[in-house]
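# Summary of structural features
Listed below are the residues making up each chain.
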Amino acid sequence: MSASSSVKYIFVTGGVSSSLGKGIVAASLAKLLQARGYRVTIQKFDPYLNVDPGTLNPYEHGECYVTDDGAETDLDLGHYERFLNIPTSKSNNITTGRIYYNVITKEREGAFLGKTVQVVPHITDEIKRNFELLSSKDEYDIIITEIGGTVGDIESFPFLEAVRQFRWEKAPTDTLVIHLTLLPFLKAAGELKTKPTQHSVKMLSEAGIQPDILVCRSEHPIPTELRKKIALFCNVNVNSVIEATDAETIYDVPLLMKKEKLDERVLAKLKLAHKNEPDLDAWKNFLGKLKNPTRDVSITVVGKYVELPDAYKSIAEAFVHAGAENECKVKVKWISSEGINEENVETILKNSEGILVAPGFGSRGLEGKITAVRFARENKIPFFGICLGMQCAVIEFGRNVLGLKDANSLEINPATPNPVIDMMESQKKVTMKGGTMRLGAYPCEIQKGTKAYSIYGKSKISERHRHRYEFNNKYLDRYVKAGMLASGLNPDSGLVEIVELKDHPHFVGVQFHPELKSTALNPHPLFVKFVKAAIENSINKK
Ligand code: GLN
């Protein structure tokens, strides 16, 4: 594959510590460059051996983010989409596992006959090929590649070696390395310390990579003298030492980076024209609404991975977007479904102005979710069920309205006589776990005159999926007669995509994941209208 020679490549590495927010810095820089008229995308290279994060427990790695083309990816891709408002794809997330898988598959096919297959050059060549995957179609001027992990990790070496070679092979103004580090503040000494940064830059230099720009995370502003010191010891220009202090929200970071002129430094080093000043009007408008709510509303999310905020990252962010759109602060309470039962449900949920039952897998906490659905349905509290949350709504309705006491999902009870949630036909022959669910974008046709139609304002939509089970259409007539409609169907298979209750102010369950398509500038209508319904509920209560 020959990549367009005009494409510029920016690599973002991290030093000193993990969790410094490389993804947010990369997304913020991309936002600024995009706002200047450049076509930008971001990809993430992860150092672990899973071929993709789809098989990882959310406790291990946070949410698994699904793209339109059905890739199960790192949650940072969600940030990229939420900031840039353009979709990512499977080429935007590559793991060490994927690289090795490709190389070993080629080896088995005989592509390297006679040769010893080695980390250098075979693995590094495959990494370099993947650096350029997104540049083949002339869709982008700039490709930002975030290298996961921290410099110095054993796993990172092949990636860093590939970056070194890639830079050497390209023209000096075609690549750039931004290194993100931490300046810890020592209370006792009353100062920010630069030594960890110096060490991590040194480690990067040992791998043959001299960073062009340092973005320094710090809890305090960095004085000029300290910037000079960092510049001197790390071999960068003093105006390439960028301060990144803690932001009020992640959506403030593009503006903070603009204040530090990160985008200008990047353009200068890549010899790119300063086309326009970044057009950030829509972004600032969003931030303005986000920061000046006129009221608040209390929404409870019932899930089972609630101890780890990253496990439901896209849902949390979709509430931020929908809140801003409604000029309302959404106060989300994360409640573990395992702790909910018939006796305590009222105490736990009575102050909720809206209840969302979260996606998930397996039986742990399922009965608590079903109890939460019943409480929302009977008390006419706005309800939103996503994927497993929708399936719980179907089970609850089956048990408590249709009188099918043993209604269940085959995932939970394979022996149930009333499998109102059935395994999809296409899943029955699946034996492998990785990448085998119904994944990615599928169309859905919405029936006119329904709540779903009023929410979307159109009948043809496309949403992203990640599931193996579905509504069992054998029961559909009974459900419809009793008041639970299937208001959205897949036009090809008839698979139920949306259910809603007639006799309820707002009760919507969806088999897909709308949270994955909500962005700062395009809040998802299902979240916007759910928040609106919760606001109306709270007004009516008073
Ligand atoms: N476990 C359910 C299924 O596979 C729901 C999946 C989900 O919530 N993402 O159908």
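All figures in this text were calculated on a predicted structure; none of them were measured in a lab. (Residues numbered from 1 in each chain as written. Predicted model: local features only at pLDDT ≥ 70, side-chain atom pairs only at ≥ 80, totals over all residues. Heavy atoms only, no water.)

### Quick notes on the overall build of the chain
Our working rule: Elements are defined by DSSP. Helices are runs of H or I of four residues or more, strands are runs of E of two residues or more, and each kind is numbered from the N terminus. Atoms counted for the radius of gyration: C-alpha only. Globule rule: 2.2 Å times residue count to the power 0.38. Throughout, a contact is declared for two residues whenever any of their heavy atoms are within 4.5 Å. Exposure was quantified through the Shrake-Rupley algorithm and a 1.4 Å probe, taking into account, for residues, occlusion by the shown protein chains and nothing else. Charged residues are defined narrowly, with Lys and Arg counted positive, Asp and Glu counted negative, and His plus the chain ends left uncounted. A single reference atom marks each charge: NZ on Lys, CZ on Arg, CG on Asp, CD on Glu.
Scanning the chain for helices and strands turns up 18 helices and 23 strands. In terms of overall dimensions, the chain is globule-like: its C-alpha atoms have a radius of gyration of 25 Å, near the 24 Å expected for 542 residues. Seen through its principal axes, the chain has C-alpha atoms that stretch 75 × 65 × 45 Å. Excluding contacts between residues fewer than 6 apart, the proportion of contacts in the chain whose partners are at least 24 apart in sequence is 74%. Split by element, the accessible area of the chain, about 22,800 Å² in all, is 51% carbon and sulfur. Here the chain contributes 70 positive and 67 negative side-chain charges, whose respective centroids are spaced 2 Å apart.

### What to know about the site of the ligand
Short version of the rule: Definition of nearness: a residue and a molecule or strand are near each other if at least one heavy atom of the residue lies within 4 Å of the molecule or strand. Definition of a polar contact: a pair of N or O atoms within 3.5 Å, with one able to donate and the other able to accept a hydrogen when the atoms are protein atoms, and with sequence-neighbouring residues admitted only if both atoms are side-chain atoms. The nonpolar class holds Ala, Val, Leu, Ile, Met, Phe, Trp, Tyr, Cys and Pro. Asp, Glu, Lys and Arg form the charged class, and all remaining residues, Gly among them, are polar.
Taken together, Pro359, Gly360, Phe361, Cys387, Leu388, Gln391, Glu411, Arg466, His467, Arg468, Tyr469 and His513 form the complete shell of residues around the ligand. In this structure, Gly360 approaches the ligand through a main-chain N or O atom, which is 2.9 Å from an oxygen atom. Contacts to the ligand include Leu388, whose backbone N or O atom sits 3.0 Å from an oxygen atom. Relative to its unbound accessible area of 300 Å², the ligand is 99% covered by the protein chains. Residue assignment for the shell around the ligand shows that the elements contributing at least two residues are α15 (388-400) and β19 (460-467). Of the residues assigned to the shell around the ligand, the class counts are five nonpolar, four polar and three charged.

### A closer look at the environment of Val51
Topologically, Val51 is positioned in the loop between β2 (40-46) and α2 (58-61). In the structure, Val51 is positioned 264 residues away from Ile315 in sequence and 25 Å away in space, judged by C-alpha atoms. Dropping the residues within four chain positions of it, Val51 is found in contact with Thr95, Gly97, Arg98 and Tyr101.

### As for helix α12 (residues 313-325)
Selection rule: A helix is expected to reach a length of 1.5 Å times the quantity of its residues less one. Type-normalised accessible area, obtained with a 1.4 Å probe on protein chains alone, sets the label of each residue: buried when under 20%, exposed when over 50%, and partly exposed for intermediate values.
In this model, α12 (13 residues) spans 19 Å end to end at C-alpha, consistent with the 18 Å of a helix rising 1.5 Å per residue. Along α12, the residues classified as buried are Lys313, Ser314, Ile315, Glu317, Ala318, Phe319, His321, Ala322, Gly323 and Ala324. Just downstream of α12 lies Glu327, where phi reads positive at about 50°.

### With respect to the packing of aromatic side chains
Under the convention used in this document: Between the rings of Phe, Tyr and Trp (Trp by its six-membered ring), a pair exists once the centres lie within 6.5 Å; its type follows the angle of the planes, with under 30 degrees stacked, over 60 edge-to-face, and the other angles tilted. Only when the NZ atom of a Lys or the CZ atom of an Arg is both within 6 Å of the ring centre and within 35 degrees of the ring normal do we say a charge sits over the ring.
Counted according to the given criterion, the structure contains 21 aromatic pairs. With 5.1 Å between their ring centres and 70° between their planes, Phe384 and Phe527 make a pair best called edge-to-face. Here Phe527 lies in helix α18 (residues 525-541) and Phe384 lies in strand β15 (residues 383-386), a separation of 143 residues in the sequence. Comparing Phe384 with Phe527, the two get one shared label, buried. Across from the ring centre of Tyr442, 4.1 Å away, lies the NZ or CZ of Arg438, which sits over that ring.

### Quick notes on the state of the cysteines
We count it as follows: Here, a disulfide means two cysteine sulfur atoms that sit within 2.5 Å of each other.
Taken as a whole and judged by the stated rule, the model has zero disulfides. Distance from the sulfur of Cys216, which forms no disulfide, to the nearest cysteine sulfur (Cys234) is 7.7 Å.

### Let's talk about the sheet that holds strand β11 (residues 241-245)
Applicable threshold: Being paired, for any two strands, means DSSP has found at least two bridges between them. Structural elements are reduced to axes, namely lines fitted to C-alpha atoms, with helices fitted over the stretch in contact, and the angle between N-to-C directions of any two is expressed from 0 to 180 degrees.
Read across the open sheet, the seven strands follow the order β5-β2-β6-β1-β7-β10-β11; overall the sheet is parallel. The open sheet has two edge strands, β5 (93-95) and β11, and neither has a second partner. Here the strands of the sheet are splayed against their neighbours by 20° on average, with no regard to which way each runs. Two strands pair when backbone bridges link them, and strand β7 (residues 175-183) and strand β10 (residues 213-218) are joined in this way by six bridges, in the parallel orientation. Bridge assignment links Leu183 to a residue of β10, and that residue is Ser218.

### Things to note about the pairing of strand β1 (residues 8-14)
The two faces of the sheet receive side chains in turn, since in a regular strand these alternate between them. Most of β1 sits out of view: seven of its seven residues are buried. Here β1 shows two buried faces, one formed by Lys8, Ile10, Val12 and Gly14 and the other by Tyr9, Phe11 and Thr13. Sheet topology note: the β1/strand β6 (residues 142-147) ladder contains five bridges and is parallel. In the strand pairing of β6, Lys8 is matched with Ile142.

### Considerations on the nonpolar core
Inclusion rule: By nonpolar core is meant a set of buried Ala, Val, Leu, Ile, Met, Phe, Trp, Tyr and Cys residues that side-chain atoms within 4.5 Å join together.
Grouped together as the largest cluster of nonpolar side chains are 46 residues, with contacts concentrated most on Ile10, Ile144, Ile178, Val215, Leu262 and Val266. Among all residues touching Leu262, those that are not within four sequence positions of it are Leu29, Ile178, Ile213, Val215, Ile242 and Met257. Listed in part, the 38 residues of the second largest apolar core include Ile335, Met390, Tyr469 and Tyr479.

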